Amino acid sequence: MKYVEAVPEDIFRSEEGLGVWEHRGKVVAIGIGHAPTARRWDNNPETCVGAISIYALRQAMVDAGVDPSHVDGLVIDPVTSTGADWPRGKPIPQVMLDRWEASDDPLDGLTKNSICWLLKNMPELTGIKFAMNASNCMSRALVAAAQAVGEGETHTCLVLKAWNNFEGRYYHGGANDDGSLPGSAALAALTNLWGTPACYATAMQFNEYCRKYGKSHAMMAPFMENSRRNGLLFPEGYWAQHRPEELRTEDYLAAPWIAEPANLFDNDLPIMCSGAYLLTTSERAPHLAQPPVYILNHASSRTLARSIMPTLEEVEADTARTGRKIYEGAGITAEQLSFENMYDGFSLFHQFHLEGLGFRGVGFGEALDFYQTDISIQGPNPVSPSGGNIGSGRSRFWMHTDCIQQIQGRAGARQITGIPAEVGVSGGPMPLGGNFTVWGEAPD
Amino acid sequence: MPKQGVIPDDLTAPFWAAANEHRLVIQHCTSCDRLQHPPADKCAGCSGLEFDWQEMSGRGYIYSYGVVHDGPVRMLQEDQPFNVAIITLDDDPDIQMLSHLPGTPPGEVPVKTSVRVIFEDTANGQKVPEWRVVE
């Protein structure tokens, strides 16, 4: 088996001027798998992050109609933490040791994933010839897997991302409870002496956005309502499964601030969840159980902030570049996008992605006005039909699932009806540094 | 508002030592004449590895801000809500620093106005650059 410890950086299409992706239309997504979600782990070995990962992988194979022995590729994000980590020094539960075949790392399957652990516990995967770690999120793993299939490293490839969520609040504890910080951490973007929560940079950028363009946080309300409404139509998601509550404007606007102008609902909800996709070649697709969704391009941003955090100007310049790369490599224009499923976990940067795409001609400073129009799945301008992380909990993969399901015509009650689902785009996470995939119902 | 203490490390020791002398210094790449902050092992501009530290004027400008109501750092939680502003330096507007803007009430931040550096004690006595609005 060829094992790649980390995705080589040169596979990412992070520059402009690369032309149409050389594997455009030759790689397809077929199968989807998700395990049931939960707010937190219940200490049951059958619902640990390793278990829900295996569940999703098996579902993806069943969904695609692929025999496990025919799978020859596995690309995973080994990182599964939502920010609440396994306490330092806390023993591994005996039930875990009894239930699962251990790898060299006792935290595998509990607070992280590994190729080794998964293969030990999925003996049916007898044909794996290519395996790769793609840390960060599903958006990165998908891009890496698409490129691997395109290059012939694998012809039938599973892609996995899962999340574990333990007791405790997001990034509370650990160094944030300590009396002192190392000098470098004290000046960093995420851990620093000024106590910024994870959403701070986005809140700061959004504040500047509102000042520059004369907008307000309240103008986000239609987007938030739309996202939750779509999420409640996503049976695989957390809110649909556990808390089928609409998010009304008054509830959104009354929510407590985390880092003003980002409130509680502008932050996605950490959950236990897993997602897997089965990618293959366009030649093999006709023999499988679901219609193929063609990958038309992948594009990435590798821009770094000039100093501590990206300014609004840096964000706008980079999302515009990302938009151009997305269209160039797919050989399409903005007018050909049926819908967009860009990342939203934090909600206050979704408009940066949307404006960078120029979705429906929306330019910088115009997205919040666009949100006041019909952005529903019934209209001609569906925004985030997945509902994203806001609508279904933190996964960073609902948007990809939705693109595949919309184009396959099996998004159920969430199926867009105001426009044919022909071309979609998804990706993230942050405006700087993300990875993006363009999906089509046809190969060209 | 007591910040966590700081234990200077090799990379940042000159920054913290200068702060204890009430001086603001920023890492400077001697290969491409570029300032960078936070300090790093390698220049993000030219990948150079040789640095010195340049003293700044201590004048800056409020780019934008947020108000932290529910942050993760235990020592700061009793002082919530508090401002966190992005300060850009007059010496190089690409260089940012963070600030609680002592003296400025939460949410009443006069963005795009001038600030001047001061130095505050952290929990272990290490001084840290902070910024006050210039009246």
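Read on for a plain summary of the structure.

Parameters at a glance
- Residues numbered from 1 in each chain as written.
- Chains lettered and ligands numbered in written order.
- Predicted model: local features only at pLDDT ≥ 70, side-chain atom pairs only at ≥ 80, totals over all residues.
- Heavy atoms only, no water.
- Helix = DSSP H or I, 4+ residues; strand = E, 2+ residues; numbered from the N terminus.
- Buried < 20%, exposed > 50% of the residue type's maximum accessible area, 1.4 Å probe, protein only.
- Polar contact = N/O pair within 3.5 Å; in protein donor to acceptor, adjacent residues only side chain to side chain.
- Contact = heavy atoms within 4.5 Å.
- Phe/Tyr/Trp six-rings, centres within 6.5 Å; stacked < 30°, edge-to-face > 60°.
- Lys NZ or Arg CZ within 6 Å of the ring centre and 35° of its normal.
- Pairing = 2+ DSSP bridges.
- Axes fitted to C-alpha atoms, helices over the stretch in contact; angles between N-to-C directions.
- Parallel < 35°, antiparallel > 145°, perpendicular 65-115°, else oblique.
- Left-handed = near helix turned anticlockwise from the far one by under 90°.
- Nonpolar A, V, L, I, M, F, W, Y, C, P; charged D, E, K, R; others polar.

### Things to note about the side chain of Ser-139 of chain A
Residues and elements named next belong to chain A. Of note, Ser-139 is situated in helix H4 (residues 138-150). Overall, the relative accessible area of 0% leaves Ser-139 in the buried class. Polar side-chain contacts of Ser-139 include one of 2.9 Å to the side chain of His-400. For Ser-139, the side chain forms a polar contact with the main-chain nitrogen of Gly-428, separated by 3.4 Å. When neighbours within four sequence positions are excluded, Ser-139 is seen to be in contact with Arg-396, Met-399, His-400, Gly-427, Gly-428 and Asn-435.

### Quick look at the packing of aromatic side chains
All names here are of chain A. If you walk through the whole model with that rule in mind, you get 15 aromatic pairs over all chains. Taking 5.3 Å as the distance between ring centres and 50° as the angle between the ring planes, the aromatic pair formed by Trp-100 and Trp-117 counts as tilted. Of this pair, Trp-100 sits in the loop between helix H2 (94-99) and helix H3 (115-121) while Trp-117 sits in helix H3; the two residues are 17 residues apart in sequence, bridging distant segments of the chain. For Trp-117, a relative accessible area of 2% gives the class buried. Aromatic ring contacts, followed pair by pair, group Phe-206, Tyr-209, Tyr-213 and Phe-352 into a single cluster. It is Arg-302 that lies over the ring of Phe-12; its NZ or CZ is 4.3 Å from the centre.

### A word on the sheet that holds strand E2 (residues 25-29) of chain B
Residues and elements named next belong to chain B. Ordered in space as E3-E2-E4, the three strands form an open sheet in which the pairing is antiparallel. Whereas interior strands pair on both sides, the edge strands pair on one side only; in this sheet they are strand E3 (34-36) and strand E4 (51-55). Direction aside, the axes of adjacent strands within the sheet are offset by 45° on average.

### Quick notes on the packing of helix H9 (residues 312-330) of chain A against helix H10 (residues 350-357) of chain A
Helix packing geometry: the angle between the two helix axes and the distance between the axes. All names here are of chain A. Where H9 contacts H10, the two axes come as close as 7 Å, and the packing angle between them is 50°. Put simply, H9 runs oblique to H10. The crossing of H9 and H10 is right-handed. Residues Leu-312, Val-315, Glu-316, Thr-319, Ala-320, Gly-323, Ile-326 and Tyr-327 of H9 form the contact with H10, whose own contacting residues are Phe-352, His-353, Glu-355, Gly-356 and Leu-357. Grouping the constituent residues of the contact of H9 with H10 by class yields seven nonpolar, four polar and two charged.

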